[in-house]
Amino acid sequence: MSKINLDAVDRELLQQLQRNGRATVGELAEAVSLSTSPCWRRVRQLESDGVIEGYHAHLNREAVGYGVLGFVHLTLQEHTPATMAAFEREIAAAPQVLACHNLSGRFDYQLEVLAPDLQAFSDYVRSTLRSLPGVREISTNFVLKEIKRTHVLPL
């Protein structure tokens, strides 16, 4: 995706929506000093341009039963397009994997993985991740304390 040129009003709309994705068009229009119709058109344009990818509720993982969060670093045995594509397909379909990043450096991938408890996390790593296509090495770090977590982009 190419960079979209955003003016000051677009940036303020995006800031408002990042703070409150449930804001009404009227609330947004007031915050950016526009009438509702032009405000609505701008939001729709930002959605159609792919700047706004969606709206969601931010859940407390512990409140819904996920007491363990870990970062799993993986190295693949081979780096063929077929092996990487097979691995990435499996990871993309795994609901307990919150994020997966292809990295430079020692490890090929970093996963952010949730589990209800340490035993469930261990079982997932041993039974599922170790059996994924091409996995050679796994290293895990557990989150002891979450200092900051945001999806708000600085604009």
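As a starting point, this report considers the structure included with it.

Let us look at the overall build of the protein chain. Along its length, the protein chain carries five helices and four strands. If you list the helices and strands of the protein chain from N to C, you get α-α-α-β-α-β-β-α-β. Against the 2.2 N^0.38 benchmark of 15 Å for 155 residues, the protein chain shows a C-alpha radius of gyration of 20 Å, more extended than a compact globule. Over its C-alpha atoms, taken along the principal directions, the protein chain stretches across nearly 55 × 35 × 25 Å. Nonlocal contacts in the protein chain, meaning residues at least 24 apart in sequence, comprise 65% of its contacts between residues at least 6 apart. When the 16 positive and 18 negative side-chain charges of the protein chain are each reduced to one mean point, those points stand 3 Å apart.

Another aspect to go through is the sheet that holds strand E3 (residues 109-115). Sheet strands pair via backbone hydrogen bonds, and the direction of the pair is either parallel or antiparallel. What the four strands build is an open sheet, ordered E2-E3-E1-E4; its pairing is antiparallel. Each having just a single partner strand, strand E2 (97-102) and strand E4 (135-142) make up the two edges of the open sheet. Strand-to-strand twist across the sheet, computed as the mean angle between neighbouring axes with direction ignored, equals 20°. Sheet topology places strand E1 (residues 68-76) next to E4; seven bridges connect them, and they run antiparallel. Within E4, the position partnered with Leu74 by the bridge is Ile138.

Moving on, we come to the nonpolar core. In this structure, Val72, Leu74, Phe87, Leu111 and Leu129 are the most contacted members of the largest nonpolar core, which totals 20 residues. For this core, the elements supplying multiple residues, two or more each, are E1, helix H4 (81-92), E3, helix H5 (118-127) and E4. If near-sequence neighbours (up to four positions away) are discounted, Val72 is found in contact with Tyr109, Gln110, Leu111, Val113, Phe121, Leu129, Ile138, Ser139 and Thr140. Counting residues in each nonpolar core, the second largest holds twelve residues, with Leu6, Leu13, Leu46 and Ile52 among its members.

Thresholds, definitions, all that
- Residues numbered from 1 in each chain as written.
- Predicted model: local features only at pLDDT ≥ 70, side-chain atom pairs only at ≥ 80, totals over all residues.
- Heavy atoms only, no water.
- Helix = DSSP H or I, 4+ residues; strand = E, 2+ residues; numbered from the N terminus.
- Rg over C-alpha atoms; globule rule 2.2 N^0.38 Å.
- Contact = heavy atoms within 4.5 Å.
- Lys, Arg positive; Asp, Glu negative; His and termini not counted.
- Charge placed at Lys NZ, Arg CZ, Asp CG, Glu CD.
- Pairing = 2+ DSSP bridges.
- Axes fitted to C-alpha atoms, helices over the stretch in contact; angles between N-to-C directions.
- Core = buried A, V, L, I, M, F, W, Y, C linked by side-chain atoms within 4.5 Å.
- Buried < 20%, exposed > 50% of the residue type's maximum accessible area, 1.4 Å probe, protein only.

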